[in-house]
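# Architecture and fold: a report
Here is what each chain is made of, one letter per residue.
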Amino acid sequence: MGGLAIVRDCATLSLVGDDPASARDRVERVWQTLRRAMARACPPELAACREDLVHAALLRMLERERRGEVASVRSASYVWRVAFSVVADELRRQRRRPEVAATAEQPEPRTTEEPDLTLALRACLLKLPEPRRLAVTLHLQGFTVEEAGRMLGWNARRVRNLVFRGMVELRRCLGAQEGQ
């Protein structure tokens, strides 16, 4: 984790809190969340530069915080959005520079019906009772149980149960639509 030491040095410039240990802990949590998000967001053609993208995402977050654009308390969904944004920017950059994209091994184009899946997901979400729909929607957007509970004014146990039951119903609904 040599990259983490570099990031920790940079992080002390803009992370809130007078205690360096708490700033290091915060950077560690953000770093781990970014690595998980990047592992999920990164397509196979960018797998070789995944760690570089994690660095770019963390630097983007630190720069925005330094400029005062982002509040000091971030949600997990913000970190995931930054990761997806960095991946999208890299893919756009590679498309603008065809010589870089041509040297990379190109995967087979995906043939999934993405608009149909989106419509099916929305239809299934609308069938859920409102409390489950709210909890599942926040879960799918990357919010933790605690964050969703604070936003909805519910305790973590209620949110966890609603997410669990809602996801079971959502899978069942999507499975039924797939069979049609």
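Notes on the structure in this doc start here. (Residues numbered from 1 in each chain as written. Predicted model: local features only at pLDDT ≥ 70, side-chain atom pairs only at ≥ 80, totals over all residues. Heavy atoms only, no water.)

## Details of the overall build of the protein chain
- Of the regular secondary structure elements, the protein chain holds nine helices and zero strands.
- The N-to-C order of helical and strand elements in the protein chain reads α-α-α-α-α-α-α-α-α.
- When burial is assessed residue by residue, the protein chain has 34% of its 180 residues classed as buried.
- Of all intrachain contacts in the protein chain linking residues separated by at least 6 positions in sequence, the fraction that spans at least 24 positions is 66%. (Helix = DSSP H or I, 4+ residues; strand = E, 2+ residues; numbered from the N terminus. Buried < 20%, exposed > 50% of the residue type's maximum accessible area, 1.4 Å probe, protein only. Contact = heavy atoms within 4.5 Å.)

## Digging into the state of the cysteines
- A full pass over the atoms with the stated rule returns one disulfide.
- Linked covalently through their sulfurs, cysteine 124 and cysteine 173 form a disulfide whose S-S length is 2.1 Å. Classification of the bridge connecting cysteine 124 and cysteine 173 rests on its S-S torsion, roughly -80°, and on that basis the disulfide is left-handed. One end of the pair, cysteine 124, is in helix α6 (residues 114-127); the other, cysteine 173, is in helix α9 (residues 156-179), with 49 residues separating them in the sequence. Each member of the pair cysteine 124 and cysteine 173 is classed as buried.
- For the unlinked cysteine cysteine 42, the closest cysteine sulfur is that of cysteine 49, found at 5.8 Å. (Disulfide = S-S within 2.5 Å.)

## Considerations on the pattern of salt bridges
- Under the criterion given, the structure shown has five salt bridges.
- Here arginine 35 and glutamate 51 are joined by a salt bridge, their closest N and O atoms 2.9 Å apart. Residue arginine 35 is located in helix α2 (residues 20-41), and its partner glutamate 51 is located in helix α3 (residues 50-66); the two are separated by 16 residues in the primary sequence.
- Exposure remark for glutamate 51: the relative accessible area of 33% places this residue in the partly exposed category. (Salt bridge = Lys/Arg side-chain N within 4 Å of Asp/Glu carboxyl O.)

## Concerning the environment of alanine 56
- In this structure, alanine 56 sits in helix α3.
- A sequence separation of 27 residues divides alanine 56 from alanine 83, and the C-alpha atoms of the two residues are 8.9 Å apart.

## Brief notes about the nonpolar core
- Counting 25 residues, the largest nonpolar core has Leu34, Met38, Leu46, Leu53, Leu58, Met61 and Val87 as the members making the most contacts within it.
- Listed by contribution, the elements that provide at least two residues to this core are α2, α3 and α4 (76-96).
- Beyond its immediate chain neighbours, meaning those up to four positions away, valine 87 contacts Met38, Ala41, Cys42, Pro43, Leu46 and Leu53.
- Judged by nonpolar contacts, the second largest core, of 15 residues, contains Leu128, Ala135, Val136 and Leu170. (Core = buried A, V, L, I, M, F, W, Y, C linked by side-chain atoms within 4.5 Å.)

## Overview of α9
- Here α9 is 24 residues long and its end C-alpha atoms lie 34 Å apart, about the 34 Å a rise of 1.5 Å per residue gives.
- Considered for burial, the residues of α9 that qualify are Val159, Leu162, Val163, Gly166, Met167, Leu170 and Cys173.
- Of the residues flanking the start of α9, the one acting as N-cap is asparagine 155, its side-chain oxygen 3.3 Å from the backbone nitrogen of arginine 157. (Expected span 1.5 Å × (residues − 1). Polar contact = N/O pair within 3.5 Å; in protein donor to acceptor, adjacent residues only side chain to side chain.)

## Remarks on helix α8 (residues 145-152)
- All of the buried residues in α8 are Glu147, Ala148 and Gly149.
- Buried residues along α8 sit in contact with α4, α7 (130-140) and α9.
- Of the residues trailing α8, glycine 153 is marked for its positive phi of about 80°.

## Notes on the packing of α3 against α4
- Taken N-terminus to C-terminus, the directions of α3 and α4 make an angle of 120°; their axes are 9 Å apart at the nearest point. Looking at the two axes, α3 sits oblique to α4. Between α3 and α4 the crossing geometry is right-handed. Residues Leu53, Ala56, Ala57, Arg60, Met61 and Arg64 of α3 pack against Tyr78, Val79, Val82, Ser85, Val86, Val87, Asp89 and Glu90 of α4. (Axes fitted to C-alpha atoms, helices over the stretch in contact; angles between N-to-C directions. Parallel < 35°, antiparallel > 145°, perpendicular 65-115°, else oblique. Left-handed = near helix turned anticlockwise from the far one by under 90°.)

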